[in-house]
Amino acid sequence: MEGALVSAATGALKPVLGKLATLMANEYKRLKGIRKEIESLTRELAAMEAFLFKMSEVENNDVQDKAWMEEVRELSYDIEDNLDDFMAHVGDKSAKSDGFMDKIKNLLARTKARHQIAKAIENLKKQVNEVSERRARYRADDATSNTKNAVIDHRALAIFEDVSNLVGIDGPKHELIQLFTQETRSESRQQQPKVISIVGFGGLGKTTLANQVFQEHKGQFDCHAFVSVSRNPDMVKVLRNILAQVKGYSSSTEDIPALITEISNFLANKRYYMHCVEDHVIEKKMLIRRWIAEGFIRKKDRYTIYEVAEMCFNELINRSLIQPDLSDHLSDLTFEDEVKYCRVHDTVLDFIVSKSIEYNFVTIVGVPGINSDPRNKVRRLSLQNDSEIPKGLVLSNVRSLNVFGQDVKIPSVLDFKHLRVLCSEDYGQLEDHHFTDICNLLHLKCLRLKDVRIRKVPGEISKLQYLETLEIYARNHCTPTEIPATICRLGRLVHLHAYGCTMPDEISGMQTLQVLEGIDASIQSTTFAHQLGELTNLRKLEIYFYEEVEEMESSICKLLREGNLHSLRITFEMGANKFFKSLPSQCRLQEFVIKGYSSFPMRLLSSFVNLQKLSIEIYQLYGPAIEQKDADILGDLPNLRYLSVRCLKRYVETAIITAIEAHPNHPTFKMFDPSEVDEYC
């Protein structure tokens, strides 16, 4: 947790120290001439880091301390940019040396880069010495901060699940219910919409109270919705969310009047129930990937870097700095013990924004009332609400760019030469020529492009040798986005989400890949389908079947049999009983989510002896989604802990409930009937 907690206060000092150690390793042994300079610089920066860490634990630092801390933080970012520039040029393996002259050119370029880093190290040491001289000593009052590896404290989750457990809230709850009951009776006579407002300071539990009353009384209405509305809401998203909850499915239109009309028409002559709360849902896995790409998380002991990041996330929940969102989202299932989404309370958000501006941690553009000092170097930039970058901002030092909104105006991405993270949410203006420029951002580690119009990812993507996460959500599903074969040269790529994209044929070399999501089997080549089975390091696979693809099915079976696959999510439109003819006798799969439109033969699951979490979503109108004779198969899954079933409840016999009750683990059983939107079992 320490690495993530102090990053805002200590800047980039921690990753800088790691990179200086790399410079002294064998990989850069030709830097002997400046080895002593690097060692001296490392010792000085280590002392600075220790000092800044202590100072970050001290409340109410004086003006002199704050000024010095800011100077050191800014210097650390500049040092890291210099080191990354050098490593990117020396370590570039994207270009193939086809001939003697190419090899000579590469050698000369690397020699030049080594001379440049030598001069840069001397200059950086001079700057550090100047800073040190201005601060004669590094000393602060002792302050300690104890942290430990954390899992989610379920007592913390209970705060958000059951309002009756909160001290002093019974009175307001009873008053609200009484008021609600009166309004309901009045409404039944007058047939007029009624509004009940819950008002109070941040942190009092308004959202928790509203949600509890909502859950208790939603069954009295024909339809209902629980919607989050931020201070500067994206009205298209809000209206789509309401429509999805009351109607069962959303709309692709972005026309606000049309959405309002559709909702109004559907709610005509219906009794409906809705509370709006002021916060925004954040996806955990993308948040964690951004942390990793920014260098906030460091590997620890026997844990992977992602596991360490999850511990930090859980610690934030345990400290109530973020709130878990345990609701099932339309596109993602949440099992009983998982938190896949979170929220930040508005009071906590205000504090975070205040501290971020104080430390020059982020520059926010487009939010009324939030203004950053234009004299500061911009390190992280968030563009919101169709905003435009103010004139005079220097963008060459920006390491994280987040764009929210359809009409945000951004300059050429070539201005962001030190960018590590680029996330575009629903920015529909991104086209092919923009992606060509993105391929020149050599430091990029995380790239997320949602709702894009790109027809083809350029072959130059192979330049992004530090890229670890690539997420592309294509807007035009009729014309898929083409991903080139050069993506296979990305030797650090771990996570790939390619929704609405065609993959290259030759993918067997992508052995660093651990997560592959959003794959439409019907638009992939036979070669890709066959080579998918060679990616034995895959831990998570999400795939859509709109028609039967035998080669793809064979590859999945091979991954289950020989690979390291732990999570498999499949959506199919053909009959599930035609999907798999057989499955391997044993596999390591721990999580299985299957969605479709006809019954699922559970007998195929008997080999999933390591399965812990099972979700079955069947949307057929007639006949049982799960055959009664197959229910006993659940007893053959010794590690099963959670079972979620979504189907027409009247076709699920009591046998499946009996099988769950007889299971030695007594798995948590959750059922959702799409035809009974008010009911959960």
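No experiment lies behind these values; they were computed from the predicted model shown.

**Student:** Can you walk me through the overall build of the chain in this structure?
**Tutor:** What the chain contains, in helices and strands, is 18 helices and 21 strands. In the chain, buried positions account for 49% of the 681 residues. Look at the contacts in the chain between residues 6 or more apart in sequence, and 57% of them connect residues 24 or more apart. Entry remark: accessible area of the chain is about 33400 Å², with carbon and sulfur atoms responsible for 50%.

**Student:** What am I meant to see in the sheet that holds strand 4 (residues 323–325) here?
**Tutor:** Within a sheet, adjacent strands bond to each other through the backbone by hydrogen bonds, running parallel or antiparallel. Spatially, 3-5-4 is the arrangement adopted by the three strands of the open sheet, whose pairing is antiparallel. The strands lining the two open edges of the sheet, one partner per strand, are strand 3 (282–283) and strand 4. Bridge analysis of strand 4 against strand 5 (residues 341–343) gives three bridges, and the strand direction is antiparallel. Residue Asp 325 lies in a different strand from strand 5, and its bridge partner there is Tyr 341.

**Student:** Would you mind showing me how to read the pairing of strand 16 (residues 540–545) here?
**Tutor:** Looking along a regular strand, one sees side chains alternate from face to face of the sheet. Within strand 16, six of the six residues are buried, leaving the element largely enclosed by the surrounding structure. With burial as the criterion, each face of strand 16 is covered, one bearing Lys 540, Glu 542 and Tyr 544 and the other bearing Leu 541, Ile 543 and Phe 545. Sheet analysis places strand 15 (residues 515–520) next to strand 16, joined by four bridges and oriented parallel. Within the sheet, the bridge partner assigned to Ile 519 lies in strand 16 and is Ile 543. Between the parallel elements strand 15 and strand 16, the chain passes through helix 16 (residues 526–531) in a crossover that is right-handed. With six bridges connecting them, strand 16 and strand 17 (residues 567–572) associate as parallel partners. Along strand 17, the bridge assignment pairs Glu 542 with Arg 569. In the classification by handedness, the crossover that spans strand 16, the intervening helix 17 (residues 550–562) and the parallel strand 17 is right-handed.

**Student:** Explain the confidence of the model for the chain to me, please; I cannot follow it from the model alone.
**Tutor:** Predicted coordinates in areas of low pLDDT are best not read in detail. Per-residue confidence for the chain averages 77 on the pLDDT scale, and 74% of its residues sit at or above 70. Across residues 677–681, confidence stays below pLDDT 50; counting only partners more than four residues off in sequence or on other chains, it has 18 contacts.

**Student:** Just checking my understanding: could you explain helix 12 (residues 284–294) for this structure?
**Tutor:** Counting along an α-helix, one turn takes 3.6 residues, and residues three or four places apart therefore face a common direction. For helix 12, the tally of buried residues reaches ten of eleven residues, placing the bulk of the element in the interior. Here helix 12 has its buried residues at Lys 284, Lys 285, Met 286, Ile 288, Arg 289, Arg 290, Trp 291, Ile 292, Ala 293 and Glu 294. One or two positions beyond helix 12, positive phi appears at Gly 295, with a value near 85°.

**Student:** How do you make sense of the environment of Leu 287 when you look at a structure like this?
**Tutor:** Of note, Leu 287 is situated in helix 12. Taking the C-alpha atoms as reference points, Leu 287 and Cys 342, 55 residues apart in sequence, are found 9.9 Å from one another. When residues no more than four places from it in sequence are discounted, the contact partners of Leu 287 are Ile 282 and Phe 313.

**Student:** Please explain the pairing of strand 9 (residues 421–425) as it appears in this structure.
**Tutor:** Of all five residues that make up strand 9, five are buried, and the element is covered over most of its length. Of the two faces of strand 9, the one lined by Val 421, Cys 423 and Glu 425 and the one lined by Leu 422 and Ser 424 are each fully buried. Two strands pair when backbone bridges link them, and strand 9 and strand 10 (residues 446–452) are joined in this way by four bridges, in the parallel orientation. Residue pairing across strands places Ser 424 opposite Leu 449, the latter belonging to strand 10.

**Student:** Just to check I follow, could you spell out the environment of Ile 260 for this structure?
**Tutor:** Position of Ile 260 among the secondary structure elements: in helix 11 (residues 256–267). Its relative accessible area of 41% is what places Ile 260 among the partly exposed residues. Sequence separation of Ile 260 and Val 236 is 24 residues, and the distance between their C-alpha atoms is 9.6 Å.

**Student:** Could you clarify how one ought to interpret the packing of helix 10 (residues 235–247) against helix 11 in this entry?
**Tutor:** The relative placement of two packed helices comes down to the angle between their axes together with the axis-to-axis distance. The N-to-C vectors of helix 10 and helix 11 enclose an angle of 20°; their axes lie 10 Å apart at closest approach. One element, helix 10, and the other, helix 11, form an angle in the roughly parallel class. Where helix 10 crosses over helix 11, the two elements pack in a sense that is left-handed. Contact residues: helix 10 offers Met 235, Val 236, Leu 239, Arg 240, Ile 242, Leu 243, Val 246 and Lys 247, while helix 11 offers Ile 256, Leu 259, Ile 260, Glu 262, Ile 263, Phe 266 and Leu 267. When its residues are assigned to classes, the contact of helix 10 with helix 11 shows twelve nonpolar, no polar and three charged.

**Student:** Where do I start with the packing of aromatic side chains in this structure?
**Tutor:** For any two aromatic rings, the description comes down to two numbers: the centre-to-centre distance and the angle of the planes. The final tally for this structure, using the stated rule, is five aromatic pairs. Taking 5.6 Å as the distance between ring centres and 75° as the angle between the ring planes, the aromatic pair formed by Phe 592 and Phe 608 counts as edge-to-face. Remark: Phe 608 occurs in the loop between strand 18 (591–596) and strand 19 (613–618) and Phe 592 occurs in strand 18; sequence separation between them is 16 residues. Pairwise contacts between aromatic rings join Tyr 499, Tyr 544 and Tyr 546 into one cluster. Lying over the aromatic face of Phe 361, Arg 380 brings its terminal NZ or CZ to 4.0 Å of the ring centre.

**Student:** Explain the side chain of Lys 19 here, please?
**Tutor:** Within the secondary structure layout, Lys 19 lies in helix 3 (residues 13–23). Since its relative accessible area comes to 14%, Lys 19 is described here as buried. A distance of 2.8 Å separates a polar atom in the side chain of Lys 19 from a polar atom in the side chain of Asp 84. In this structure Lys 19 touches Glu 80, Leu 83, Asp 84 and Met 87, once residues within four positions along its chain are discounted.

Reading the values: rules and limits
- Residues numbered from 1 in each chain as written.
- Predicted model: local features only at pLDDT ≥ 70, side-chain atom pairs only at ≥ 80, totals over all residues.
- Heavy atoms only, no water.
- Helix = DSSP H or I, 4+ residues; strand = E, 2+ residues; numbered from the N terminus.
- Buried < 20%, exposed > 50% of the residue type's maximum accessible area, 1.4 Å probe, protein only.
- Contact = heavy atoms within 4.5 Å.
- Areas by Shrake-Rupley, 256 points an atom, 1.4 Å probe, with all protein chains shown as cover.
- Pairing = 2+ DSSP bridges.
- Right-handed = clockwise from strand over helix to strand, strands pointing away.
- pLDDT = per-residue confidence, 0-100.
- Axes fitted to C-alpha atoms, helices over the stretch in contact; angles between N-to-C directions.
- Parallel < 35°, antiparallel > 145°, perpendicular 65-115°, else oblique.
- Left-handed = near helix turned anticlockwise from the far one by under 90°.
- Nonpolar A, V, L, I, M, F, W, Y, C, P; charged D, E, K, R; others polar.
- Phe/Tyr/Trp six-rings, centres within 6.5 Å; stacked < 30°, edge-to-face > 60°.
- Lys NZ or Arg CZ within 6 Å of the ring centre and 35° of its normal.
- Polar contact = N/O pair within 3.5 Å; in protein donor to acceptor, adjacent residues only side chain to side chain.

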